[in-house]
Amino acid sequence: MISQNAIDTLRKTEIGARGLFIDGVQADGMSGENLTVTSPIDGRPFAGIADGNAADIDRAVRSARKAFDKASWSRSAPAFRKKVLTRLAELVEKHADELAVLGVRDNGTEIGMAYKAEPLSAAGTIRYYAEAIDKIYGEIAPTAENVLGLIHKEPLGVVGVIVPWNFPLMIGAWKIAPALAAGNCVVVKPPEIASLTLLRLAELASEAGLPAGVLNVVTGRGAVTGEALGLHMDVDAIAFTGSGPVGRRLLDYSARSNLKRVFLELGGKSPNIVFADAPDLKQAAVVSANGIFRNSGQVCVAGSRLLVQASVYDRFMDELLSATKRLKVGDPLDLASDIGAVSSAEQLDKNLGFVDRAAVEGARLVTGGERILAETGGSYMAPTIFENVTQEMQLAREEVFGPVLGVMRFETEEEAVRLANSTVYGLASAVWTANLSTAHRMVRAINAGVVHVNTYGGADITVPLGGVKQSGFGRDKSLHALEKYVDLKTAWIAL
Ligand code: NAD
């Protein structure tokens, strides 16, 4: 784990203005303009990134295509790709302190969580796909004796990666690592408010021996660079994590350009369901509080709808309130903080808008609901719980992406299933019960990409992550993620 001393030294590092990363080197943006990067920790500017434009995206895509056609990566022996990616994983681990602090200055995630979820998790992901790539075989079809049917797996070509500001390194690695391992070349469009760690990752990849042009990073505004990547005629696929509205745009860009395939990991309104027979109500309350409030609720799988069975409702709410009150909100670069800053002043305003509307619609505020630590100049919000939430309310239907929990009460399993499935989303969920049959019935009944049982979150790289319904399609993580980045080619050979 990172030490407070290391954090305090690294937080003072001058960052300056960062360029793009194209064709293996840092490059100025064509516009010559920079975007100011403001830290949510104190509301002060601390770095600049190039304000990339469509011409920059075009340069990066050309570089990626040139590298792909050169085949020194795309057609290289899997053992070579494994060697380079393993070296990259080691470099990410070696620079974990630097990457973690840089990321926190950018997006405000508490350092304890960021350290594990960003550099360490990214390194683990890169190593996982590095190790996998020389163990995956093509197939021989079960044909008649006079033919040989071979199924080859081939890289797609140029893959565009667009990620959000919460955990950009971790989520970036979920896409970049399998895409590279499969032999593709990649152009990354980081989120404008948290680009720095992905720029650093590209430098480390170069140091690890990744050939020039195989991994490019173009910073800038989503509506400019993201759109240009989505509309580019020479990009073969877009792997996206972010909001629903931008996901829809990407499908539109694809339809208006070259029908590139699009994989969407979108938002959620995940139900966390506590049955009266939960094995340990106190433990369930602690984990549930963490499951919504860590990283100020800015977690796609956050358990933002809590459904509690009526017979244990009061007891559970007491435990939940105590667990919530114990969470310390503060400077995300202080190891003693359980919760850091909201990613930006705009996101904080948006969260407070949800609070106002919930109160107007008749939900009862149990705790929080306000900005705190305003004297720091940063964006901090108290963990917020509303009860008496009904399905019609905005809080039950729309993703806040902030530390705001809506609580509902239910009587029967059928009612819990109905409430759980009554949003347009289907990303994550949880069920707390000691009854194995209830647990398995709920796993079958809930429409979501993941159902946790007697825990919340924490699934590792070995299992897929992704949604159903309007939470998107395509899966990150696990060996299944590799399927997104290869095409199957059939060879039908007469013997
Ligand atoms: P966002 O959709 O606003 O932005 C995501 C990315 O898209 C950013 O890089 C942004 O610059 C880019 N972008 C913005 N406009 C664009 C455009 N017109 N064309 C192309 N790209 C564009 O999302 P956000 O606010 O950064 O992140 C929060 C959202 O991400 C939430 O909805 C959250 O649930 C979701 N999320 C989902 C997962 C998951 O795995 N399902 C994980 C984390 C976050």
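Quick notes on the rules
- Residues numbered from 1 in each chain as written.
- Predicted model: local features only at pLDDT ≥ 70, side-chain atom pairs only at ≥ 80, totals over all residues.
- Heavy atoms only, no water.
- Near = heavy atom within 4 Å.
- Polar contact = N/O pair within 3.5 Å; in protein donor to acceptor, adjacent residues only side chain to side chain.
- Areas by Shrake-Rupley, 256 points an atom, 1.4 Å probe, with all protein chains shown as cover.
- Helix = DSSP H or I, 4+ residues; strand = E, 2+ residues; numbered from the N terminus.
- Nonpolar A, V, L, I, M, F, W, Y, C, P; charged D, E, K, R; others polar.
- Buried < 20%, exposed > 50% of the residue type's maximum accessible area, 1.4 Å probe, protein only.
- Pairing = 2+ DSSP bridges.
- Right-handed = clockwise from strand over helix to strand, strands pointing away.
- Core = buried A, V, L, I, M, F, W, Y, C linked by side-chain atoms within 4.5 Å.
- Contact = heavy atoms within 4.5 Å.
- Phe/Tyr/Trp six-rings, centres within 6.5 Å; stacked < 30°, edge-to-face > 60°.
- Lys NZ or Arg CZ within 6 Å of the ring centre and 35° of its normal.

Chemist: So what exactly am I meant to see when it comes to the site of the ligand here?
Modeler: In the neighbourhood of the ligand, 29 residues make up the surrounding shell, with Lys189, Glu192, Ser243, Leu266 and Glu399 lying closest. Here Trp165 contributes a side-chain N or O atom positioned 3.1 Å from an oxygen atom of the ligand. A distance of 2.5 Å separates an oxygen atom of the ligand from a polar atom in the side chain of Ser243. Considering the ligand on its own, with 850 Å² of exposed area, one finds that the protein chains cover 90% of that surface. Secondary-structure elements contributing two or more residues to the shell around the ligand are α8 (222-231), β11 (237-241) and α9 (244-256). For the shell around the ligand, the residue count by class is 16 nonpolar, seven polar and six charged.

Chemist: Just checking my understanding: could you explain the pairing of strand β13 (residues 271-274) for this structure?
Modeler: The two faces of a sheet get side chains in turn, since along a regular strand they alternate between them. Neither face of β13 is exposed, since Pro271 and Ile273 on one face and Asn272 and Val274 on the opposite face are all buried. Here four bridges tie β13 to strand β14 (residues 305-309), and the two strands are oriented parallel to one another. Bridged to Ile273 within β14 is Leu307. For the crossover that starts at β13, traverses helix α10 (residues 281-293) and ends in the parallel β14, the hand is right-handed. Examined bridge by bridge, β13 and strand β20 (residues 430-432) share three bridges and lie parallel to one another. Bridge pairing in β20 links Asn272 to Ala430.

Chemist: Where do I start with the environment of Glu413 in this structure?
Modeler: With respect to the helices and strands, Glu413 occurs in helix α14 (residues 413-420). Between the C-alpha atoms of Glu413 and Gly213, which are 200 residues apart in sequence, the distance is 54 Å. Engagement of the side chain of Glu413 in a polar contact is seen with the side chain of Arg441, the distance being 2.8 Å.

Chemist: Which parts of the structure should I look at to understand the nonpolar core?
Modeler: Of all hydrophobic cores here, the largest spans 135 residues; its most connected members are Leu88, Ile126, Ile176, Val186, Phe316 and Leu320. In terms of residue count, the dominant contributor to this core is helix α5 (residues 111-132) (11 residues). Once residues lying within four places of it in the same chain are set aside, the contact partners of Phe316 are Val274, Leu281, Ala284, Ala285, Ser288, Leu306 and Val308. The next biggest cluster of nonpolar side chains, apart from the first, holds 27 residues, and it includes Leu348, Ala416, Val417 and Ala420.

Chemist: Would you mind showing me how to read the packing of aromatic side chains here?
Modeler: Aromatic ring pairs are defined here through the distance separating the ring centres and the angle between the ring planes. Going through the model one piece at a time under the given rule, you end up with five aromatic pairs. For the pair Trp73 and Phe80, a centre-to-centre distance of 6.0 Å together with 70 degrees between the ring planes defines the contact as edge-to-face. Among the residues examined, Phe80 registers a relative accessible area of 34% and is labelled partly exposed. Positioned over the ring face of Tyr313 is Arg409, at 3.8 Å from the centre of the ring.

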